[in-house]
Amino acid sequence: MKSLETKQKELQKFTKSLESKTLEELEKLEQEIIAEADKNGEELGKKEFDMPTENYETVANAIRGFLNKQSVQWQYTLGMVAMYDFWDPKKQPKKIPYPHLDSILRNLGGLQFTGYDEWAAVVAVNKFFEPLQKAYMEATQETYNIASRHDAVMRAIELKSPIGDETTDTKK
């Protein structure tokens, strides 16, 4: 995996290269990046990781406990039920799909934890996921790289696009 500094330099170089492109070239590049993002999304949707086994039942119970504390809007209940059901302490899956891993990590990352018992459970969950950390970060980083390039192209398009109708008089 490339270092953060290397990735930043690559993005800066990419952004600089956009300055010489025409609006039409930028719009074409945007479509290419969107296609790349779609392909990456499809690949991530199929990606699976080997589920760690050590301490699974304890971790599954902790995850379920954290999920069960949340208040969510109506439209999120189906997803929360599916996430909760996935972490059945008695039925450990051999694999965890990337979308499930990403959802649970993002969900847990947005929570706050109270008291020693919850803090200790968080430590156990973090330790459980350690074997997946490198592969997960690599998969996730590609999404961020694509998004960063898309953002750079959109900013370049915005700079080269006409501001509006030249005949509009804004001074009244």
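Residues numbered from 1 in each chain as written. Predicted model: local features only at pLDDT ≥ 70, side-chain atom pairs only at ≥ 80, totals over all residues. Heavy atoms only, no water.

Caption draft 1: Focus on the overall build of the chain. Scanning the chain for helices and strands turns up seven helices and two strands. Helices and strands appear in the chain in the N-to-C order α-α-β-α-α-β-α-α-α. Here the chain has a C-alpha radius of gyration of 22 Å; the compact-globule value for 172 residues is 16 Å, and the former is much larger. Dimensions of the chain, computed from C-alpha atoms along their principal axes, come out at roughly 65 × 45 × 30 Å. For the chain, contacts bridging at least 24 residues in sequence account for 82% of all contacts bridging at least 6. Accessible surface, the chain: about 12,300 Å² in total, of which carbon and sulfur atoms supply 54%. Of the side-chain charges in the chain, 24 are positive and 29 negative, and the distance between the mean point of each set is 4 Å. (Helix = DSSP H or I, 4+ residues; strand = E, 2+ residues; numbered from the N terminus. Rg over C-alpha atoms; globule rule 2.2 N^0.38 Å. Contact = heavy atoms within 4.5 Å. Areas by Shrake-Rupley, 256 points an atom, 1.4 Å probe, with all protein chains shown as cover. Lys, Arg positive; Asp, Glu negative; His and termini not counted. Charge placed at Lys NZ, Arg CZ, Asp CG, Glu CD.)

Caption draft 2: Layout of the nonpolar core. With 26 residues, the main nonpolar core has Ile63, Trp87, Ile96, Leu101, Ile104, Val125 and Phe129 as its most contacted residues. Contributing elements (two or more residues each) for this core: helix H3 (56–68), helix H4 (77–86), helix H5 (98–109), helix H6 (115–129) and helix H7 (133–160). Ranked by the residues each element gives to this core, the list is headed by H3, at seven residues. With residues up to four places along the chain from it excluded, the contact list for Ile96 reads Lys47, Glu48, Phe49, Met51, Phe86, Trp87, Leu101 and Leu132. (Core = buried A, V, L, I, M, F, W, Y, C linked by side-chain atoms within 4.5 Å. Buried < 20%, exposed > 50% of the residue type's maximum accessible area, 1.4 Å probe, protein only.)

Caption draft 3: Fine view of the packing of aromatic side chains. One pass over the structure, following the stated rule, counts nine aromatic pairs. Taking the centre distance of 6.0 Å and the plane angle of 25° together, the rings of Tyr56 and Trp87 count as stacked. Pair noted here: Tyr56 is in helix H3 and Trp87 is in the loop between H4 and strand S2 (95–97), with a separation of 31 residues, a long-range link. Residue classification places Tyr56 among the buried positions, given a relative accessible area of 3%. Arranged with centres 4.7 Å apart and planes meeting at 70°, the rings of Phe66 and Phe113 form a pair that is edge-to-face. (Phe/Tyr/Trp six-rings, centres within 6.5 Å; stacked < 30°, edge-to-face > 60°.)

Caption draft 4: Representation of unusual backbone geometry in the model. You will see that Asn55, though not glycine, has its phi angle at about 70°, which is positive. Turning to its location among the elements, Asn55 is positioned in the loop between strand S1 (48–50) and H3. Accessibility expressed as a relative area gives 41% for Asn55, which makes it partly exposed.

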